[in-house]
Amino acid sequence: MSNKNPQKNPKNTKNNILIIASVIFVTVAAIVFVISLSLFNGGGNNGNSSENTSSLHPDWLDDEYSYSAEESSYTAPESSSKHEESPANSSSSASFVESTSSGAEIYITQAEKIVENARLLMGTPFLDGGSDTYGFDSSGFVYYVMRESGYISCPRDIVEQSRMGVMREFDEIKKGDVLFFSNEIGGEANFAGFYSGNGKMIGSLITLAFEGVVEVDIDNEYYREHFVSGVGIS
């Protein structure tokens, strides 16, 4: 009997090679994917850590006060909040902080802030019954400036305004105080303004030169005789 050598099937050999190659390819691809994912996550965390920290805690959060130039607003110290309801409780030590264009900080008192708000409105026309930037009557001007300065409980009526705080005589007035006058000597208040210092007052008045928000000299006999009262701010 003669022995016959069995012949291998070429088709089976080819299939085996393809299977082995596929397994090797999948294994290598998986290893490369795992390594790449590990490197990506590690690099991303390191790169973002400083950015996230800075966005959650910008430098200005360390300051006691902040100022927004875009909004032209300021944030007062907490201690000044108790002065908002009535000028009678105001103190000259209360102050605000603002930033100049160069970033430097300057401190201003409540009285200075009131005068500044009043001065910014100079040139606004007189308007009977007006209490906004389209025009002011005398008490409307006081009402607007006081509310812009934080005194949100300021009444609109001029007689009520003249009784809303600590009364001061003419020789006792200080910068930022609200001054009330009468057209008739000894009468009730019917025009008013803010003492801006150096014997002058800013108010929405009817004068020979201008009808509207103007600064006038009150260090004279007329204003002394027609003075009703001053309301202390500082």
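What comes next is a walk through the structure. (Residues numbered from 1 in each chain as written. Predicted model: local features only at pLDDT ≥ 70, side-chain atom pairs only at ≥ 80, totals over all residues. Heavy atoms only, no water.)

**Details of a nonpolar patch on the surface**
Piece 1. On the surface, I20, I24, V28 and V32 cluster together into a nonpolar patch covering about 360 Å² of accessible area.
Piece 2. Relative to the helices and strands, V28 is located in helix α1 (residues 10-56).
Piece 3. Exposure remark for V28: the relative accessible area of 44% places this residue in the partly exposed category. (Patch = residues over 30% accessible without salt bridge, like charges linked within 9 Å, V, L, I, M, F, W, Y side chains within 5 Å. Areas by Shrake-Rupley, 256 points an atom, 1.4 Å probe, with all protein chains shown as cover. Salt bridge = Lys/Arg side-chain N within 4 Å of Asp/Glu carboxyl O. Helix = DSSP H or I, 4+ residues; strand = E, 2+ residues; numbered from the N terminus. Buried < 20%, exposed > 50% of the residue type's maximum accessible area, 1.4 Å probe, protein only.)

**Observations concerning the nonpolar core**
Piece 1. Judged by nonpolar contacts, the single largest core of 22 residues is most densely connected at F141, V145, M146, V178, F180 and F194.
Piece 2. Residue contributions to this core peak at 4 residues, all from helix α3 (residues 138-148).
Piece 3. Grouped together as the second largest cluster of nonpolar side chains are 13 residues, F181, M201, V214 and F227 included. (Core = buried A, V, L, I, M, F, W, Y, C linked by side-chain atoms within 4.5 Å.)

**Overview of the sheet that holds strand β10 (residues 200-206)**
Piece 1. Ordered in space as β7-β12-β8-β9-β10-β11, the 6 strands form an open sheet in which the pairing is antiparallel. The outermost strands of the open sheet, each flanked by one partner alone, are β7 (167-168) and β11 (211-217).
Piece 2. Relative to β11, β10 is paired through 7 bridges, and the arrangement is antiparallel. Across the sheet, residue K200 finds its bridge partner in β11, namely D217.
Piece 3. In this fold helix α2 (residues 110-119) packs onto β9 (191-197), β10 and β11, with an angle of close to 120° to the strand it touches most, β9.
Piece 4. Those strands touched by α3 are β8 (178-181), β9, β10 and β11, and its axis lies near 50° from that of β9. (Pairing = 2+ DSSP bridges. Contact = heavy atoms within 4.5 Å. Axes fitted to C-alpha atoms, helices over the stretch in contact; angles between N-to-C directions.)

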